[in-house]
Amino acid sequence: MWPFWILIIAVVAVLVLLVSRRFYHRRILQIRHSHDSAKSDFLKQLKSSRIDRENFETILSSMVEGVIVINSKGKIEHASPNFCQLLELRSKETQNKLYWEIIRNQEINDPLKEALLHKRALRKEINIIGPKDSFFSMQISPVMDRDGKLLSLIAVFHDITELKKLERIRADFVANVSHELKTPLTAIKGFVETLKTSSKDDPVTLARFLDIIDKQAQRLESLVNDLLILSSIESKEVKMNIGAEPLNRIVHTVLALHKKSIEDKGHQVTMDIPPDLPNVLADRQRMEQVFLNLLDNAVKFTPPGGKISIQARWEKPYVRVEVRDNGVGIPAEHLSRVFERFYKIDRARSREAGTGLGLAIVRQIVTAHQGKIEVESSSGAGSTFRIFLPCQI
C-alpha cells in the first residue's frame, strides 16, 4: 500500500509546489510592479522637481529685476544674471558663498543682515555712486516654514535710476516754469507800480513803460502757448492729421514767416530739396512748427551775415532733412540735454532765446511722427539739426 500513499504524497507535493510557485510568482510580479511603480513615481517626482527648479531658474533669469536667494546661514543659493549685472560683485562665482563675501556695498549687506537676524521683510532705496550713479529699490522677503523657522531670504533689486532721473527733470521743470513766469510778471508789476505813482503824466515815459509791459505780456503768452503745445503733444489730446505733404512747400512757408528776421540779420539762406523727393507723411501744421523752431534758433544764434542751409535727401525709408548754420554752436557737454525743457546752456544764450521750450517741442513732434532727430555741433563751429521723417514711397 505504501507506494500508493507515496504517489498521493508526491502528487500533493507537486500540486503544492505548483500552487506555491504560481502564488510566489504572482507575488513577485506584484512586488516588482509595486517597486516599478514606486520607481516610476520617484522618477516622476524627481523629474518634476528638476523641471520646477529649471522653471524657477528660467523665471529668475528672465526677470528684469535682479534677484538673489540666501539661505538661513547667509549663503547664496541663487543669483539671477541681472543681479550680477546690476551690481559690482567681488566674484562671479556666487553659489554657496556668504553674501557679504560677494556683495561689496554695505548699504545692501546691512539690510540683509538685519532681515536674517530679525526674520522680517525690509524695503530700502540704495544709491550706488560710480561713473554713472544708479538707484535701486531693494525688497527683502523672508521665507518661513510652518513652524516659523527661517528657510531663506529672497531679495529683489529694481533699477529705479530712470525714475529718479524723471523725478529730477520734473523738479527742474517746475522750478524753471516758476522762474520763467516770475521774471515777466515781476517786470510787469514793477512798471505798473511806477506808472501808478510817478510816470502817468509823462507821455514819453508812459509809452516806453507800456511797450515794456506789452513785450513781457507777449513773453508770458508765448510761454503759456508753448506749454500748451507741449502738453497736448505729450498727452495726445490733439489728433494729428497725417498726410502726404511736399517738404518744399512746408519749408517755403516757414521761410516766408521768417523773412523779416532773416533780412534784419543779413543772413544768407539756401535751400536744397530735390524736386523728385518723396512726400513726407506729416501733419502739415505740426511740421511747420518744427521748422519754425529750428530756423528761429539758427537765426538767433548765428552772428549777422551768417549762413543757414536747409537740405533734404531720401534715405529709405526716411527723408533726411538737415538745418545747418555757422553760428555760435553748442559745447559738446551740452548736446545730450539740448532737447530738455527749459535747459539753458548759458545766460548769454538764454537772453537771446524765447521760452526755452522750442527744441523740446521739436523732439516731441518728430517722435509723434515716428521719426528721429539728431544734433551735431561744437562750440564756435555752428550746429546741424538732422531730422528723419517717414515718407510716401
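Residues numbered from 1 in each chain as written. Predicted model: local features only at pLDDT ≥ 70, side-chain atom pairs only at ≥ 80, totals over all residues. Heavy atoms only, no water.

1. Quick notes on the side chain of glutamate 245
Then step 1. Considering the arrangement of structural elements, one finds glutamate 245 in strand β6 (residues 243-245).
Then step 2. For glutamate 245, a relative accessible area of 17% translates into the label buried.
Then step 3. The contacts of glutamate 245, once residues within four sequence positions are left out, are Ile250, Asn279, Val280, Ala282 and Arg284. (Helix = DSSP H or I, 4+ residues; strand = E, 2+ residues; numbered from the N terminus. Buried < 20%, exposed > 50% of the residue type's maximum accessible area, 1.4 Å probe, protein only. Contact = heavy atoms within 4.5 Å.)

2. Here we look at helix α4 (residues 106-118)
Then step 1. The end-to-end C-alpha distance of α4, which contains 13 residues, comes to 18 Å, matching closely the 18 Å that a straight helix rising 1.5 Å per residue would cover.
Then step 2. For α4, the set of buried residues is Ile108, Asn109, Pro111, Leu112, Ala115 and Leu116. Seen along its axis, α4 keeps its buried residues to an arc of 170°; they face one direction. Across α4 from its buried face, at more than 90 degrees, point the exposed residues Lys113 and Leu117.
Then step 3. Looking at the buried residues of α4, the elements they touch are β1 (66-71), α3 (99-102), β3 (122-128), β4 (134-144) and β5 (150-159).
Then step 4. In the stretch just after α4, lysine 119 is the one whose phi turns positive, near 55°. (Expected span 1.5 Å × (residues − 1). Arc of directions from axis to C-beta.)

3. Description of the nonpolar core
Then step 1. Counting 45 residues, the largest nonpolar core has Leu247, Val290, Phe291, Leu294, Leu295 and Ile387 as its most contacted members.
Then step 2. Counting residues per element, this core draws most heavily on helix α9 (residues 284-300), at 7 residues.
Then step 3. Excluding anything up to four places from it in sequence, leucine 247 contacts Ile273, Leu277, Phe291, Ala312, Val319 and Val321. (Core = buried A, V, L, I, M, F, W, Y, C linked by side-chain atoms within 4.5 Å.)

4. Description of the confidence of the model for the protein
Then step 1. Residue-level pLDDT values for the protein average 77, and 78% of them are 70 or greater.
Then step 2. For the stretch residues 1-25, pLDDT sits under 50, and the model shows 0 contacts to residues farther than four places along the chain or on other chains.
Then step 3. Low pLDDT, under 50, characterises residues 45-51; the predicted model gives this stretch 0 contacts beyond four residues in sequence or across chains. (pLDDT = per-residue confidence, 0-100.)

5. Describing the packing of aromatic side chains
By convention here, two paired aromatic rings are described through the distance between centres and the angle between planes.
Then step 1. Scanning the model with the defined rule gives 2 aromatic pairs in all.
Then step 2. Aromatic side chains tyrosine 318 and phenylalanine 388 sit 6.2 Å apart centroid to centroid with 75° between the ring planes, which places their arrangement in the edge-to-face category. Within this pair, whereas tyrosine 318 is found in strand β10 (residues 318-325), its partner phenylalanine 388 is found in strand β12 (residues 383-390), the two being separated by 70 residues in sequence.
Then step 3. A centroid spacing of 6.2 Å and a plane angle of 85° characterise the contact between phenylalanine 339 and phenylalanine 385, whose relative ring orientation is edge-to-face. (Phe/Tyr/Trp six-rings, centres within 6.5 Å; stacked < 30°, edge-to-face > 60°.)

6. Side note on a positive patch on the surface
Then step 1. There is a patch of like positive charges on the surface, built from Lys73, Lys75, Lys119 and Lys149.
Then step 2. As for its placement among the helices and strands, lysine 73 is situated in the loop between β1 and β2 (76-79). (Patch = residues over 30% accessible without salt bridge, like charges linked within 9 Å, V, L, I, M, F, W, Y side chains within 5 Å. Areas by Shrake-Rupley, 256 points an atom, 1.4 Å probe, with all protein chains shown as cover. Salt bridge = Lys/Arg side-chain N within 4 Å of Asp/Glu carboxyl O. Lys, Arg positive; Asp, Glu negative; His and termini not counted. Charge placed at Lys NZ, Arg CZ, Asp CG, Glu CD.)

7. Here's the deal with the sheet that holds β3
Then step 1. With antiparallel pairing, the 5 strands of this open sheet are ordered in space as β2-β1-β5-β4-β3. Two strands bound the open sheet, and with one partner strand each, they are β2 and β3. Averaged over all adjacent pairs, the angle separating strand axes in this sheet is 20°, with direction ignored.
Then step 2. Here β1 pairs with β2 via 3 bridges, running antiparallel. Residue pairing in the sheet places valine 69 in a bridge with histidine 78 of β2. (Pairing = 2+ DSSP bridges. Axes fitted to C-alpha atoms, helices over the stretch in contact; angles between N-to-C directions.)

8. Quick look at the side chain of histidine 258
Then step 1. Within the secondary structure layout, histidine 258 lies in the loop between α7 (247-257) and α8 (259-265).
Then step 2. When near neighbours in sequence (up to four residues on either side) are disregarded, histidine 258 contacts Leu292, Leu295 and Asp296.

9. Things to note about the sheet that holds β10
Then step 1. The strand order across the open sheet built from 5 strands is β7-β9-β10-β12-β11, with neighbouring strands paired in mixed fashion. Each edge of the open sheet carries a strand with a single partner, namely β7 (268-272) and β11 (372-377). Averaged over all pairs of adjacent strands, the angle between their axes in this sheet comes to 15°, without regard to strand direction.
Then step 2. Docked against the sheet, α7 engages β7, β9 (307-315) and β10, running at close to 170° with respect to β7.
Then step 3. Here helix α11 (residues 358-368) sits on the sheet and contacts β11 and β12; the angle it forms with β11, its principal contact strand, is near 140°.

10. A few points about the packing of α9 against α11
Then step 1. At their nearest, the axes of α9 and α11 sit 9 Å apart, and the two run at 145° to each other. With respect to the hand of their crossing, α9 and α11 are arranged in left-handed fashion. Of α11, the residues touching α9 (which contributes Arg286, Gln289, Val290, Asn293, Leu294 and Asn297) are Gly358, Leu359, Ile361, Val362, Ile365 and Val366.
Then step 2. When the residues that make up the contact of α9 with α11 are grouped by side-chain class, the tally is 7 nonpolar, 4 polar and 1 charged. (Left-handed = near helix turned anticlockwise from the far one by under 90°. Nonpolar A, V, L, I, M, F, W, Y, C, P; charged D, E, K, R; others polar.)

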